[in-house]
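# Summary of structural features
Spelled out, the chains give:
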Number of protein chains: 2
Amino acid sequence: MSRKSPVRPGEFELIARYLAPMAGPGALGLTDDAAVLTPPPGSDLVLSKDALVAGVHFFADDPPALIGRKALRVNLSDLAAKGARPLGFLLGLGLPRGWREDWIAGLADGLAADSAEFACPLLGGDTVAAGSRAMLSVTVLGAVPAGSMARRSGGKPGDALYVSGTIGDGALGLLARMAEREGRAVAADAPLVLRYLVPEPRMALAQVVRNHASAAMDVSDGLMGDAEKLAAASGCGLALQLSDVPLSPRSRAWIAADPDNLRRAVTGGDDYEILAAVPPERATAFEVAAQVAGISVTRIGALTESGKQILGPNATPVHWRDASFRHF
Amino acid sequence: MSRKSPVRPGEFELIARYLAPMAGPGALGLTDDAAVLTPPPGSDLVLSKDALVAGVHFFADDPPALIGRKALRVNLSDLAAKGARPLGFLLGLGLPRGWREDWIAGLADGLAADSAEFACPLLGGDTVAAGSRAMLSVTVLGAVPAGSMARRSGGKPGDALYVSGTIGDGALGLLARMAEREGRAVAADAPLVLRYLVPEPRMALAQVVRNHASAAMDVSDGLMGDAEKLAAASGCGLALQLSDVPLSPRSRAWIAADPDNLRRAVTGGDDYEILAAVPPERATAFEVAAQVAGISVTRIGALTESGKQILGPNATPVHWRDASFRHF
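Residues numbered from 1 in each chain as written. Chains lettered and ligands numbered in written order. Predicted model: local features only at pLDDT ≥ 70, side-chain atom pairs only at ≥ 80, totals over all residues. Heavy atoms only, no water.

### A look at the nonpolar core
Leu19, Leu76, Phe89, Leu91, Ile104, Leu136 and Leu205 of chain B are the most contacted members of the largest nonpolar core, which totals 61 residues. Taken domain by domain, this core gets at least three of its residues from each of domain 1 (11-34 + 41-145) and domain 2 (152-315) of chain B. Apart from the residues lying within four places of it in its own chain, the contact partners of leucine 91 of chain B are Lys49 of chain A together with Leu19, Leu111, Leu122, Gly124, Gly125, Asp126, Leu136, Ser137 and Val138 of chain B. Tyr18, Ala27, Leu93 and Tyr162 of chain A belong to the second-largest nonpolar core, a separate cluster that totals 60 residues. (Core = buried A, V, L, I, M, F, W, Y, C linked by side-chain atoms within 4.5 Å. Buried < 20%, exposed > 50% of the residue type's maximum accessible area, 1.4 Å probe, protein only. Domains from an automatic or database assignment. Contact = heavy atoms within 4.5 Å.)

### Things to note about the interface of chain B and chain A
Counting from both sides, the interface comprises 70 residues of chain B and, opposite them, 69 residues of chain A. Taken together, both faces of the contact between chain B and chain A bury some 6000 Å²; the carbon and sulfur share is 59%. Here lysine 82 of chain A ties to aspartate 33 of chain B by a salt bridge, and the two come within 3.1 Å at their closest N and O atoms. Elements with a contribution of two residues or more to the side of chain B that touches chain A: α1 (11-19), β1 (35-37), β2 (43-53), β3 (85-95), β4 (122-129), β5 (135-145) and β7 (215-219) of chain B. Sorting elements by how many residues they give to the side of chain B that touches chain A places β2 of chain B first, with 10 residues. Split by residue class, the side of chain B that touches chain A holds 34 nonpolar, 17 polar and 19 charged. Taken together, the 3 bridges between strand β1 (residues 35-37) of chain A and β2 of chain B define a ladder with antiparallel strand orientation. Within the sheet, the bridge partner assigned to valine 36 of chain A lies in β2 of chain B and is valine 46 of chain B. (Buried area = accessible area lost by both parts, 1.4 Å probe. Salt bridge = Lys/Arg side-chain N within 4 Å of Asp/Glu carboxyl O. Helix = DSSP H or I, 4+ residues; strand = E, 2+ residues; numbered from the N terminus. Nonpolar A, V, L, I, M, F, W, Y, C, P; charged D, E, K, R; others polar. Pairing = 2+ DSSP bridges.)

### As for the confidence of the model for chain A
Detailed reading of predicted coordinates is not advised where the pLDDT is low. Residue and element names in this part refer to chain A. A residue-level look at chain A finds 96% of positions with pLDDT of 70 or above and a mean pLDDT of 93. Confidence drops under pLDDT 50 across residues 1-6; counting only partners more than four residues distant or on other chains, this segment forms 18 contacts. Taken together, the chains of this predicted complex give a pTM of 0.93 and an interface ipTM of 0.91. (pLDDT = per-residue confidence, 0-100.)

### Re the sheet that holds strand β5 (residues 135-145) of chain A
Ordered in space as β4(A)-β3(A)-β5(A)-β2(A)-β1(B), the 5 strands form an open sheet in which the pairing is mixed. Two strands lie at the open edges of the sheet, namely β4 (122-129) of chain A together with β1 of chain B, each paired on one side alone. Each strand of the sheet is rotated relative to its neighbour by a mean of 20°, with strand direction disregarded. Where strand β3 (residues 85-95) of chain A and β5 of chain A come together, 9 bridges link them in antiparallel fashion. Looking across to β5 of chain A, one finds that glycine 92 of chain A is bridged to serine 137 of chain A. Lying on the sheet, helix α3 (residues 101-117) of chain A is in contact with β3, β4 and β5 of chain A; it crosses β3 of chain A at an angle near 170°. (Axes fitted to C-alpha atoms, helices over the stretch in contact; angles between N-to-C directions.)

### Thoughts on the packing of helix α4 (residues 169-181) of chain B against helix α9 (residues 260-267) of chain B
Residues and elements named next belong to chain B. It is the contact of α4 with α9, at a shortest axis distance of 6 Å, that shows an interaxial angle of 115°. One way to sum up the angle between α4 and α9 is to call them roughly perpendicular. Residues Ala171, Leu172 and Leu175 of α4 touch α9, and the partners they reach there are Asn261, Arg264 and Ala265. Looking at side-chain class alone, the contact of α4 with α9 contains 4 nonpolar, 1 polar and 1 charged residues. (Parallel < 35°, antiparallel > 145°, perpendicular 65-115°, else oblique.)

### Some details on the side chain of serine 48 of chain B
Mapped onto the elements of the fold, serine 48 of chain B is located in strand β2. Given the relative accessible area of 1%, serine 48 of chain B is considered buried. Of note is the side chain of serine 48 of chain B, whose polar atom sits 2.9 Å from the side chain of aspartate 78 of chain B. The contact partners of serine 48 of chain B, leaving out residues within four places of it in the chain, are Asp33, Ala34 and Leu90 of chain A together with Asn75, Asp78, Val138, Thr139 and Val140 of chain B. (Polar contact = N/O pair within 3.5 Å; in protein donor to acceptor, adjacent residues only side chain to side chain.)

### A short note on the sheet that holds β1 of chain A
Strand order in the open sheet formed by 5 strands is β1(A)-β2(B)-β5(B)-β3(B)-β4(B), with mixed pairing between adjacent strands. With one partner strand each, in any of the chains shown, β1 of chain A together with β4 of chain B form the two edges of the open sheet. Each strand axis lies, on average, 20° off the axis of its neighbour in the sheet, ignoring direction. Contacting β3, β4 and β5 of chain B, helix α3 (residues 101-117) of chain B crosses the sheet at an angle of about 170° to β3 of chain B.

### What to know about the pattern of salt bridges
All names here are of chain A. One pass over the structure, following the stated rule, counts 52 salt bridges over all chains. In this structure, arginine 73 and glutamate 200 form a salt bridge, with 3.6 Å as the shortest nitrogen-oxygen distance. Residue arginine 73 is found in helix α2 (residues 64-81), and its partner glutamate 200 is found in the loop between α5 (190-197) and α6 (206-212); the two are separated by 127 residues along the sequence. Judged by its relative accessible area of 32%, glutamate 200 is partly exposed. Salt-bridge contacts for aspartate 258 lead to arginine 264; the nearest nitrogen and oxygen are separated by 3.5 Å.

Below, the structure is given as structure tokens:
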């Protein structure tokens, strides 16, 4: 029901100029109704779809290249946690009223950079007018050897729980980004802000997870709540030692300044690290394989027969009410 | 950044109550990070993604069951035009502020009905807060025998152009729906309104297209503009006789009342019929196979060496400026 503005490129120019350069062969130049993909023989497909909405998942004034990169990366993180390698992605792009061509150009720059970095070509999608807020809805496709996708549900009591990288940088990075927008930026927080804006999907851990983990998921809604989800899906209880949760130097500084930041770090989400349950007899092999892959992993607890025991830094049980980010 | 309202179900209740019932086995109960799908051996995957936004692609006060059905059907229509059978879909659901549980329940009812009717189970997706407007972003996956997907680009000069069903009911149905919302409803227009609200994806024509068409696409942005796109993708010219375009009785009545409604019918979009180029030596076989499949097809023109000749009802060339719906 809307009409093209004369000063901005139309739909087909926009696709040709900004999206077609990152399209794979199956995208047919983004000029057909659909994309075609020949699945790798002997593979299962792994499919994930995560949307980002302005004002909910990013700030409208975030650099558009970083918005594009985050939209792809949060989906790639799901593939990594499932043990999958990327095949390609589809992009649903909702343009807000008053969109500007340079915003699209920036978004496409970021997407194209990560599409190339992660060997994940654009396969197709849809660009629509979306009202007041920009929206990116990415569907990513990956592949695993048939039958080998890591699930949340395979864990057993006694399995060790590991997490990759560091936890809390995303949640504290969001607070730092809010401070930055209010003119209260602290230079030392730049690494936290960047972790929030551009998460690091742990693709190098995909094969390690597939080979050694009994269950795995990506940590996107807060470590505590996500660990509960993995335990529940596996029909197990959960024991976590928060003193063992890996923290970056800057997150440690935030927690030293305000102990409540530990709660924010382990419940706030936006980590995009991998949480994996590993049978005890595979723990050493898992650790060695992760080291070879160049990604740090840290043991933070275990699956148990039943119940939930979260020990805080001083070894006393914690009972935080909101263990997890809620999407609405 | 939003918090659960106490009077509405939370994300996980909503998924369990309304979405899980239409989930296929690969969806893993919608409790994992990703879906898993074993592709049919010897098949190519066909992927399409179309989003609907409130106030752009549907009215916020349309019956939610019909919004759900349309969101799936416009994507299924792409599969049909490519000769593919559905494997499943992913749903990105953006909830506006103030969403109500009964709206979700209605939407899910419609989606579940069509998911069952078209054997297209829900595989996964994402539900997010979306600001002021509801948004549905569907990604559909289909399969064709390897190498057999119908493309827009395979047509040759001399190929006949066929279209399924009737053209213009969607565009005129939108006008009728607008009249209905303004209290100017005419009972006789109910079929047009329904065609606009609930398009009919021509799944039964998928195999016919694959077996006989040299090129095909679904008609969603206006017959005239879409025929130009197919001709251009095939490197051909185009000849259309608008007097041959199949019209429903009610659309004929609208055009009799206002001749400009012919332009609206052939440029307005929302038809979700199939446009197919068929080599002359296969034309009879195509017509017979379509008849066996129970779907009417009508010859409306041909691909030519070059140029564009659109003949109006009185056999004079027409030159309408906007041949196609523009998405923004």
